[in-house]
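# An overview of the molecular structure
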Amino acid sequence: MAIVYDTYQREAPQRLPLLGWADPSRVLARRHGQPVTAAHFMAQVRAVAAGLPAATAAVNLCEDRYAFLVAFCAIVLRGQTNLLPSSRAPQAVDEVMAAHPGCYALGEQVLDPAPQGYRQMPPLDAAPVGNDAPWPLIPIGQVVAIGYTSGSTGTPSANAKTWGSFHASNAGNLAMLQAAIGPQFDIVATVPPQHMYGMEMSVLLPLLGEVGVHAGRPFFPADVAAALAEVQAPRLLVTTPVHLRALVESGIALPPVAAMLSATAPLPFELAQAAEQRFGAPVLEVFGSTETCVFASRRPTANADWSLYDGVTLHPQPDGTAVEAPQLAAPITLADIVSLSDGGRRFRLRGRHADMLEIAGKRASLADLSRRLLAIPGVQDGVVFQLDDGDALGVHRIAALAVAPGLNGHAILDALRRAVDPLFLPRPLKLVDSLPRNETGKLPRAALLELLHRHD
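Heads up: these notes are all about the structure in this document. Every chain is numbered on its own, with residues counted from 1 as its sequence reads. Residues qualify for local features only when their pLDDT is at least 70, as the model is predicted, and side-chain atom pairs are given and counted only at 80 or more; totals for whole chains, interfaces and linings, by contrast, use all residues. Excluded from the side-chain calculation are hydrogens and water; included are all heavy atoms of the structure.

## A few points about the environment of Ala281
Note on conventions: DSSP H or I runs of at least 4 residues are helices, E runs of at least 2 residues are strands, and numbering of each starts at the N terminus. For Ala281, the location among the structural elements is in the loop between α8 (269-279) and β15 (283-287). Separated by 25 residues in the primary sequence, Ala281 and Pro256 have C-alpha atoms spaced 8.2 Å apart. If we skip the residues at most four places from it in the chain, Ala281 touches Val257, Ala258, Ala259, Met260 and Glu276. Working rule for contacts: check all heavy atoms of both residues, and any pair within 4.5 Å makes them a contact.

This is the structure:
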């Protein structure tokens, strides 16, 4: 395989290791019940990288988390960029590939239909030929991934991540988790590695933090329990509010966990409290975005305020909050409205600028309205959102979708009427069998509007 870096030392960019493991014999992953050492992993990375085509970028479509790790590092080793669509739906993949002419797609499975230029990785079960070469070093400025937002607030947008920025963001996550759990732990994650939260917590942590990871992506509660049983204690469960609620309501017993980590959607206090009582471990929540990566955390049952990672500074603005962080080359402004405390080291989320509603001089937030909808007994899932079309005065209607077997719309509206101002009652409110949540539990706006119109 050709060397992709400048051979002139005086011109060589600053580099950081592709793998943060000092001991080649340490277990990086557990796959099919078997441990995979760091040395075995790196040998497979080199073998896959040698067979990749010349290109600038590749869509990483691996379903198996270990295969994703191998593919991710192989693509990086070739000096290429991992493209991470908001989903693996054919249309989403095609759109990303169209935006990067000359790229290819890489995965471990046989796909039918497959994206144009799709390449299937060789089987990873065979033992690779190892060598004693030192771990590769990657230029800090190399763009190793481009992550796309989920589309929950509109069209997915591209966000480039360099190897230096990933090292910086991982340092904050690792410090937070080690303070809560200890220096070493194993991860089981229910979120896909293509999502930035999954990337940070189940790809970067095992690559750079000497943390073990389970290769699967368990979905059902029984699968989560089985995956946790296959890794070593202390165990960290990386999940979402949707999966956490399913675990609590299933009544299933889990192997002892050191902590549960949640993101991708607001975590209701009641759910965090129920999970802690049910599984005897703290529920931690992290705050960030595809644009910024994670930059704050909290334990919601103990504190409503978020604690910023070291080196992070927030600057509240009328329409959002500017974020300065070690992983960001320049401040990024998010739509979240915050209030600072503790000398600026803590903040409380007051809502999102786009979520804030003002009608006849009264204010509310879509997030709070959704929370109150979900708090109604019998409502299993639900969301309140604003429609695009305004009335003659420019006021946009509020709509809601609810999963509530055994209830009717009038009963739900009556319950909401006792909790919110009548001005903010959603009309229309439609009962549906399920909400169009994506792999991380988010609700793309286009899918919500389509479902609403289907029930008109």
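## Thoughts on the pattern of salt bridges
A pair is scored as a salt bridge if a Lys or Arg side-chain nitrogen falls within 4 Å of a carboxyl oxygen belonging to Asp or Glu. Scanning the entire structure with this criterion turns up 12 salt bridges. Its salt-bridge partner being Arg26, residue Glu210 comes within 3.2 Å of it at the nearest N-O pair. With a gap of 184 residues between them, Glu210 in the loop between α5 (196-208) and β12 (212-214) and Arg26 in the loop between β1 (15-17) and β2 (27-31) connect regions that are remote in the sequence. In this structure Glu210 comes out as partly exposed when scored by relative accessible area, which is 22%. For Asp305, the salt bridge goes to Arg348, with nearest N and O atoms at 2.7 Å. Each residue is placed in one exposure class: buried if its accessible area under a 1.4 Å probe, protein chains only, is under 20% of its type's maximum, exposed if it is over 50%, and partly exposed if it falls in between.

## Quick notes on the packing of helix α2 (residues 65-77) against α5
Only the stretch in contact is used when a helix axis is fitted, and all axes are lines through C-alpha atoms; the angle between N-to-C directions ranges over 0 to 180 degrees. Close contact between α2 and α5 brings their axes to 11 Å; oriented N to C, the two are set at 65°. By the criterion of interaxial angle, the relationship of α2 to α5 is roughly perpendicular. For α2 against α5, the interelement crossing comes out right-handed. In this structure, α2 contributes Arg65, Phe68, Leu69, Phe72 and Cys73 to the contact, and α5 contributes Met199, Ser202, Val203 and Leu207. In this classification, the charged set is Asp, Glu, Lys and Arg, the nonpolar set is Ala, Val, Leu, Ile, Met, Phe, Trp, Tyr, Cys and Pro, and all remaining amino acids, among them Gly, are polar. For the contact of α2 with α5, a count of residues per class yields 7 nonpolar, 1 polar and 1 charged. Each angle receives one of four descriptions, namely roughly parallel if under 35 degrees, roughly antiparallel if over 145, roughly perpendicular if within 65 to 115, and oblique otherwise. Note on convention: near helix rotated counterclockwise from far helix by under a right angle means a left-handed crossing. Clockwise means right-handed.

## Some details on the packing of helix α1 (residues 38-50) against α2
In the contact formed by α1 and α2, the axes pass within 8 Å of each other and the chain directions differ by 55°. Relative to α2, α1 is oriented oblique. Pair α1 / α2 crosses with right-handed handedness. Where α1 approaches α2, its residues His40, Phe41, Gln44, Val45, Arg46, Val48 and Ala49 are matched on the opposing element by Tyr66, Leu69, Val70, Cys73, Ala74 and Leu77.

## Points about the packing of aromatic side chains
Aromatic rings from Phe, Tyr and Trp, taking only the six-membered ring of Trp, are treated as a pair when their centres fall within 6.5 Å; an angle between ring planes under 30 degrees marks them as stacked, one over 60 as edge-to-face, and anything in between as tilted. This structure, assessed with the given rule, holds 9 aromatic pairs. Plain terms: the ring middles of Phe219 and Phe220 are 4.9 Å apart, the flat faces sit at 90° to each other, and that makes the pair edge-to-face. Using a relative accessible area of 51% as the deciding quantity, one classes Phe220 as exposed. Each residue in the set Phe287, Phe295, Trp306 and Phe347 is aromatic and connected to the rest through ring pairs, giving one cluster.

## Quick look at the sheet that holds strand β10 (residues 158-162)
Within the open sheet, the 6 strands sit side by side as β7-β6-β4-β5-β9-β10. Their pairing is mixed. Two strands lie at the open edges of the sheet, namely β7 (118-120) and β10, each paired on one side alone. Across the sheet, the mean angle separating the axes of adjacent strands is 30° when strand polarity is ignored. Strands pair, by our definition, only if DSSP identifies at least two bridges between them. Summarising the sheet, strand β6 (residues 104-107) and β7 pair through 3 bridges and their orientation is parallel. Counterpart to Ala105 in the pairing with β7 is Tyr118. This element, α2, spans β4 (57-60), β5 (81-84), β6 and β9 (143-148) of the sheet and lies at about 135° to β5. Sitting on the sheet, helix α4 (residues 163-181) touches β9 and β10, and the angle it makes with β10 is about 85°.

## Re the sheet that holds strand β18 (residues 313-317)
The 3 strands are arranged β18-β19-β20 in an open sheet whose pairing can be described as antiparallel. At either margin of the open sheet sits one strand with a lone partner, and together these are β18 and β20 (332-334). Across the sheet, the mean angle separating the axes of adjacent strands is 30° when strand polarity is ignored. Here β18 runs beside strand β19 (residues 320-324); their pairing, made up of 5 bridges, is antiparallel. Along β19, the bridge assignment pairs His315 with Ala322.

Keep in mind these values describe shape, not function.
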